[in-house]
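Survey of secondary and tertiary structure
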Amino acid sequence: MRELGKIWLYVADSSCRGYSPIYDRICRAVAESDDVLDLVSEAPPLGHNPILLLAAVHSLLLGGLDHPLAEVYAGASEADPGPLFVDVCLGNREAIVDLLSTRQVNTNEVGRAAVIGPALTRVSSRVDGPLALLDVGCSAGLNLFCDRYRLDYGPAGATGSADAAVRIACEVVAGSPPIAPFLPPIAARMGLDRAPVDLQDPEQTRWQVACVWPDTGRLERTRRALDEARRGSLTVVQGDAVDAVEGLVADLPADATAVVLTTWVVAYFSAEQRAGFRDALARASMSRPVVWVSGESHGVVDLIPSEGVQSDANGLEWSELGLVTFRGGEAVAELLGYVHPHGSALDWRGS
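Parameters and conventions
Residues numbered from 1 in each chain as written. Predicted model: local features only at pLDDT ≥ 70, side-chain atom pairs only at ≥ 80, totals over all residues. Heavy atoms only, no water. Pairing = 2+ DSSP bridges. Helix = DSSP H or I, 4+ residues; strand = E, 2+ residues; numbered from the N terminus. Buried < 20%, exposed > 50% of the residue type's maximum accessible area, 1.4 Å probe, protein only. Arc of directions from axis to C-beta. Contact = heavy atoms within 4.5 Å. Polar contact = N/O pair within 3.5 Å; in protein donor to acceptor, adjacent residues only side chain to side chain.

A word on the sheet that holds strand S3 (residues 158–159). The strand order S3-S2-S4 describes an open sheet built from 3 strands, whose pairing is mixed. Among the strands making up the open sheet, the edge pair consists of S3 and strand S4 (167–169).

Put into structure tokens, the structure is as follows:
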């Protein structure tokens with residue numbers, strides 16, 4: 001139990017501190033609760049991920065569970081969320097263990113579109129014709145519609161229609177990212193996920209919303225993005241990232257540049273899977289150029305030439321925005337910049 005508790009403290013320090021006060025407090029409370037850690041240990045090893053338990057409790061509240069924690073999540077109460085969260089877990093043990101045993105984290109944060117946008121603009125400036133997107137670990141595929149969102153970079157400019165339903169703010173703290181009035185033409189949108197979200201299934205979309213952290217201003221934005229995705233058209237394939245990516249790249253329109261997106265997904269791969277994924281992209285590039293845009297924590301994509309770990313004033317680590325171009329099996333990689341979690345700020349380092 002002690003080792004499991006350390007994981008919760010790590011999440012509090014590395015992901016929540018200075019960003020989500022509610023989840024920061026909850027993570028520290030769970031780390032000290034042997035009863036909750038014992039509950040988590042009843043689930044299979046993949047269910048021990050703290051983010052999964054956070055989503056499970058949020059899902060119960062969104063589903064109508066009457067509990068004071070719901071008021072805290074809604075911003076209507078200043079009660080301590082730590083003991084309330086513990087109470088929800090222990091009072092709904094069977095339902096929680098079931099969710100931990102059958103669900104996976106489906107974080108599909110549309111704020112990431114704010115950092116995907118400049119990366120796509122950079123890619124487009126180097127190739128001819130439209131782009132064809134393949135989002136690996138796409139969940140509901142929300143970021144595949146990044147060209148329909150308003151991406152607001154403050155004094156640095158904005159991308160997208162001024163009347164877009166989904167509006168995302170991103171602070172440019174350094175550098176000069178390529179911010180265009182509109183994103184380049186997208187010829188195809190394809191997603192790959194082990195458990196794709198059916199946008200027409202209320203239970204599945206509720207789980208999608210449950211994976212969003214409640215006190216970060218992201219909930220309503222996610223709901224609007226889900227509505228936008230329902231009106232759009234994309235192909236989502238259920239499958240394994242390593243096994244399926246090569247074939248799906250080949251299926252993208254031949255007259256478009258294949259762009260593979262991974263945003264905070266590769267971190268869940270084992271070392272062997274990371275190498276297998278990279279090798280699959282290299283093989284796919286034997287018949288066409290393949291561009292890989294990645295947003296991952298420091299060191300996760302070992303091809304990216306890093307300048308070291310970057311952190312904000314609260315000690316929260318920024319992630320690395322990378323660009324790898326594969327041609328004929330060979331890779332050329334560059335660091336585009338550093339990204340604050342969920343795309344709220346960008347430190348651009350690219351040329």
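The next subject is helix H11 (residues 241–251). Looking only at H11, the buried set comprises Ala241, Val242, Val245, Leu248 and Val249. The buried side chains of H11 occupy one side of the element, clustering within an arc of 120° when seen end-on. Relative to its buried face, H11 has exposed residues pointing more than 90 degrees away, namely Asp243, Ala250 and Asp251. Close packing links the buried residues of H11 with strand S1 (131–136), strand S6 (186–193), strand S7 (235–238), strand S8 (257–263), helix H12 (271–284) and strand S9 (290–296). Where H11 begins, the side chain of Asp240 points an oxygen toward the backbone nitrogen of Val242, at a separation of 3.0 Å.

Attention now moves to the side chain of Thr121. Tracing the chain through its elements places Thr121 in helix H8 (residues 113–124). Using a relative accessible area of 14% as the deciding quantity, one classes Thr121 as buried. When neighbours within four sequence positions are excluded, Thr121 is seen to be in contact with Pro178, Ala180, Leu183 and Pro184.

Read these as layout, nothing more, since geometry by itself doesn't imply function.
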